[in-house]
Amino acid sequence: MDPYTTAPRSSRWRRGVYAAGLVIPFTASQLWALLVLLRLAPLDGLVGQALVLVLLGSVAAIWAGWRWTWRLGRDKDVQPAPKTRIPT
């Protein structure tokens, strides 16, 4: 164990849990809505094309929500590495 590293902050963990608490219900409702559309909508013509767009949008929204949750819950700080100076 490296003695110079800082302890993980509990607030970051808490933010990740709260973010997951928001993302999980929206993911479930998004999947439920997609299943209802697949069950009830005819998949021919413009309706089928619109359904493909809705499906792609839902996948992108779910991915973005879980990515946001993952980034909030990580212990590692997301800061760029310090720039090294060239001695003059």
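Residues numbered from 1 in each chain as written. Predicted model: local features only at pLDDT ≥ 70, side-chain atom pairs only at ≥ 80, totals over all residues. Heavy atoms only, no water.

Q: How would you sum up the overall build of the protein? Please name residues and give values.
A: Broken down by element type, the protein carries 2 helices and 0 strands. Across the 88 residues of the protein, 16% fall into the buried class. In the protein, of all internal contacts separated by at least 6 residues, the share reaching a separation of at least 24 is 74%. Looking at the protein as shown, the accessible area adds up to about 7,900 Å², and 69% of this sits on carbon and sulfur atoms. (Helix = DSSP H or I, 4+ residues; strand = E, 2+ residues; numbered from the N terminus. Buried < 20%, exposed > 50% of the residue type's maximum accessible area, 1.4 Å probe, protein only. Contact = heavy atoms within 4.5 Å. Areas by Shrake-Rupley, 256 points an atom, 1.4 Å probe, with all protein chains shown as cover.)

Q: How would you summarise the UniProt feature "transmembrane region" (unreviewed entry) in the protein if you had to cite specific residues and measurements?
A: Cross-referencing UniProt, the feature "transmembrane region" (unreviewed entry) maps to residues 17–40 and 46–66 in the present numbering. Secondary structure content for residues 17–40 is 100% helix and 0% strand, and the end C-alpha separation is 35 Å. Between the C-alpha atoms that bound residues 46–66 the distance is 30 Å, and the span itself is 100% helix and 0% strand. (UniProt positions renumbered as here; feature names shortened; annotations may be inferred.)

Q: Can you lay out the side chain of T69 for me, pointing to particular residues and giving the numbers?
A: Examined against the element boundaries, T69 turns out to sit in helix α2 (residues 46–73). Looking at T69, the relative accessible area reads 7%, which means it is buried. Dropping the residues within four chain positions of it, T69 is found in contact with G16, A19, A20 and V23.

Q: Would you mind going over the environment of G21 in detail, with residue names and values included?
A: Its location among the elements puts G21 in helix α1 (residues 10–40). Once the C-alpha coordinates of G21 and T69 are considered, the two residues, 48 residues apart in sequence, prove to be 9.3 Å apart.

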